[in-house]
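Per-entry structural report
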Amino acid sequence: MSKEKYVVYIAVLTASFGYIFDFDSAVISSSIEVLANTFKIDKQMIGTLITIVLVGGLIGGFLAGYFSEKIGRKKTILYSLLGFLIGGFITTFSLNIEMFMLGRLVMGLGLGSIFLVGAIYVIEISPIETRGRNGTINQLFMPFGLVVGFWLAYLITNGLTNRFILDNSWRVLFFLETFQGLIIFILFLRIPESPRWLYLKGYKDKARESLGKVLSDERIEKVMEELDATSVSKKAEDKINFRKINKGVKIVIVLVVISAIFRQFSGINPIIYYAPEIFQETSSVSTSGYFQSVTMGIYEILGSVIVLFLIDKYGRKKLLFYGTLVMTISLGYLTYALFYKERGVYDVYSVYIYNLTYTVAFGTALTVYISEITPNSIRSLGVTLFNVINYIFDITLTQIYPAIDLRSESLPFFIFFIISVLSLFFIPLIPETKGKTLEEIGEYWNKIK
């Protein structure tokens, strides 16, 4: 296998983390009714049923940043996948709601960790020319997980007549999810460690060896020289005083925090988790909720494909801005339609367009951007902070969305619309990362005193 193809293979394998992440969302979304009947839980418990995995993801993401710095990106991913497998088997064979919640919590720990560290890993190992594309592949695979998850749920619940299987359809779906995780774990055993992590920890020969698997000899020497010029010794790194970090790094941290807030308050996760109910509210069309949810996944795939081909050509900022602009218009129309009770097929298409443009902007371009914009020495901290904030607001919004929706169907969309408008004033202020090495980006921030 050529080095170029090997990099793509690594990107695809790492992208499977995103696939599993969204597959899980589809499985739990499709299983709520049968789980409620199995464990005899009321509607008040449904929000907890959904958010328990997010709580695990929050904890997993927070710990992943620390461990990925201490033991490496690869080991952190492997241990996290192992935890995910353990949680998957507990969930699949749960005898009561407490056991189910425990399994989901452990699954969340693994999902949160692999999703965070995977994003760091693929950016650090990719050549500059294809870094944006390789980071985008992860987002491309996420909607595939959503589509496959919803279709499997639909086939099991509508294509089978065996009563036992129908009553335990959620066990079948979680078993399939866990089995896919096992395949990913086995394949990832042979993947090299991140060369930049190896270098920062003083393993220069191993870093060179890792780079040799993905770069030409000439490029290896150039990257090693850039690392020499911008790196900080491990001894100095261990003595970093965060009260004395330079102004540029502080700006990066603020940028990460604001970006995470804008991303979550655009409303994507409540819209995904409660998609079938939202389609009932926004449309008088009697199309299957499963079909509409699958179609949402297809639009996500389309959005990821758009970014895949454009991100390294036009840059991150343009995709962020224009994607957010169209997303904001869609949210504005949905707010209007819900407020004035004007329901129809156009409302459904507005949700689809929103989903497509969110994928282009906040779903894909922003994810790649955050992994790039943070300097090597604080990349784990920056990406961890971004993901932790995402999880906190994800949990919060998923819990409070039903309560707000009961008061006013249009109010949640109006809030999402206002936040999206504000983000349009923020995006032009951020620097572009297209065509710059990770070391050049780090040097840009270090020059700001």
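Reading the values: rules and limits
Residues numbered from 1 in each chain as written. Predicted model: local features only at pLDDT ≥ 70, side-chain atom pairs only at ≥ 80, totals over all residues. Heavy atoms only, no water. Helix = DSSP H or I, 4+ residues; strand = E, 2+ residues; numbered from the N terminus. Areas by Shrake-Rupley, 256 points an atom, 1.4 Å probe, with all protein chains shown as cover. Salt bridge = Lys/Arg side-chain N within 4 Å of Asp/Glu carboxyl O. Expected span 1.5 Å × (residues − 1). Buried < 20%, exposed > 50% of the residue type's maximum accessible area, 1.4 Å probe, protein only. Polar contact = N/O pair within 3.5 Å; in protein donor to acceptor, adjacent residues only side chain to side chain. Patch = residues over 30% accessible without salt bridge, like charges linked within 9 Å, V, L, I, M, F, W, Y side chains within 5 Å. Phe/Tyr/Trp six-rings, centres within 6.5 Å; stacked < 30°, edge-to-face > 60°. Axes fitted to C-alpha atoms, helices over the stretch in contact; angles between N-to-C directions. Parallel < 35°, antiparallel > 145°, perpendicular 65-115°, else oblique. Left-handed = near helix turned anticlockwise from the far one by under 90°. Contact = heavy atoms within 4.5 Å. pLDDT = per-residue confidence, 0-100. Core = buried A, V, L, I, M, F, W, Y, C linked by side-chain atoms within 4.5 Å.

The next subject is the overall build of the chain. Of the regular secondary structure elements, the chain holds 20 helices and zero strands. Of the roughly 19300 Å² of accessible surface on the chain, a fraction of 67% belongs to carbon and sulfur atoms.

So, on to the pattern of salt bridges. Here the structure, examined in full by the defined rule, presents ten salt bridges. Where arginine 73 meets glutamate 124, a salt bridge forms, and the shortest distance between an N and an O atom there is 2.8 Å. Of this pair, arginine 73 sits in helix 3 (residues 73–92) while glutamate 124 is found in helix 4 (residues 97–125), placing the two residues 51 residues apart along the sequence. Notably, a salt bridge pairs arginine 131 with glutamate 372, separated by 2.7 Å at the nearest N-O pair. With arginine 131 in helix 5 (residues 131–159) and glutamate 372 in helix 17 (residues 345–373), this pair connects stretches of sequence that are 241 residues apart. What emerges from the salt-bridge pattern is a single network uniting Glu69, Arg73, Glu124, Lys201 and Arg379.

What follows is about helix 16 (residues 316–339). Helix length check: helix 16 (24 residues) gives 34 Å between terminal C-alpha atoms against 34 Å at 1.5 Å per residue, within 8%. Phi turns positive, to about 60°, at lysine 341, one or two residues after helix 16.

In this section: helix 4. For helix 4, built from 29 residues, the straight-helix expectation of 42 Å at 1.5 Å per residue is met to within 8% by its first-to-last C-alpha distance of 41 Å. By the criterion of burial, helix 4 is predominantly enclosed, with 24 of the 29 residues buried. Two or three places before glutamate 98, at the opening of helix 4, asparagine 96 has a side-chain oxygen 3.3 Å from that residue's backbone nitrogen.

Time to look at a nonpolar patch on the surface. On the surface, Met1, Tyr9, Phe89, Phe93, Phe175, Phe179, Leu182, Ile183, Ile186, Leu187 and Leu189 cluster together to form a nonpolar patch covering roughly 1100 Å² of accessible area. Here the element with the most residues in the nonpolar patch is helix 7 (residues 169–188); it accounts for six residues. Inspection of the secondary structure assignment puts phenylalanine 179 in helix 7. Judged by its relative accessible area of 45%, phenylalanine 179 falls in the partly exposed class.

Applying the stated criterion to the full structure yields 23 aromatic pairs. When the centroid spacing of 6.2 Å and the interplanar angle of 25° are considered together, the rings of tyrosine 6 and tyrosine 9 count as stacked. One end of the pair is tyrosine 6 and the other is tyrosine 9, both in helix 1 (residues 3–39) and three residues apart, which spans about a single turn. Relative accessible area serves as the criterion here: at 16%, tyrosine 6 is assigned to the buried category. Residue class for tyrosine 9 comes out partly exposed when judged on its relative accessible area of 31%.

It is at 9 Å that the axes of helix 1 and helix 4 come closest, and there the two elements cross at 160°. Comparing their axes, helix 4 and helix 1 come out roughly antiparallel. The crossing of helix 1 and helix 4 is left-handed. Side by side, helix 1 and helix 4 meet where Ile10, Ala11, Thr14, Phe17, Gly18, Ile20, Phe21, Asp24, Ile28, Leu35 and Phe39 of the first sit next to Ile97, Phe100, Arg104, Met107, Leu111, Ile114, Phe115, Gly118, Tyr121, Val122 and Ile125 of the second.

With that out of the way, let us pick up the confidence of the model for the chain. In this model, the chain carries a mean pLDDT of 83, and residues with pLDDT of at least 70 account for 86%. Here residues 233–239 is a poorly scored stretch, pLDDT under 50, and it has six contacts once near neighbours within four places are set aside; other chains count.

It is worth spelling out the nonpolar core at this point. Counting 64 residues, the largest nonpolar core has Leu49, Ile77, Phe100 and Phe188 as the members making the most contacts within it. It is helix 1 that provides the largest number of residues to this core, a total of 15 residues. Counting residues in hydrophobic clusters, the runner-up holds 56 residues, among them Ala11, Leu146, Phe265 and Val351.

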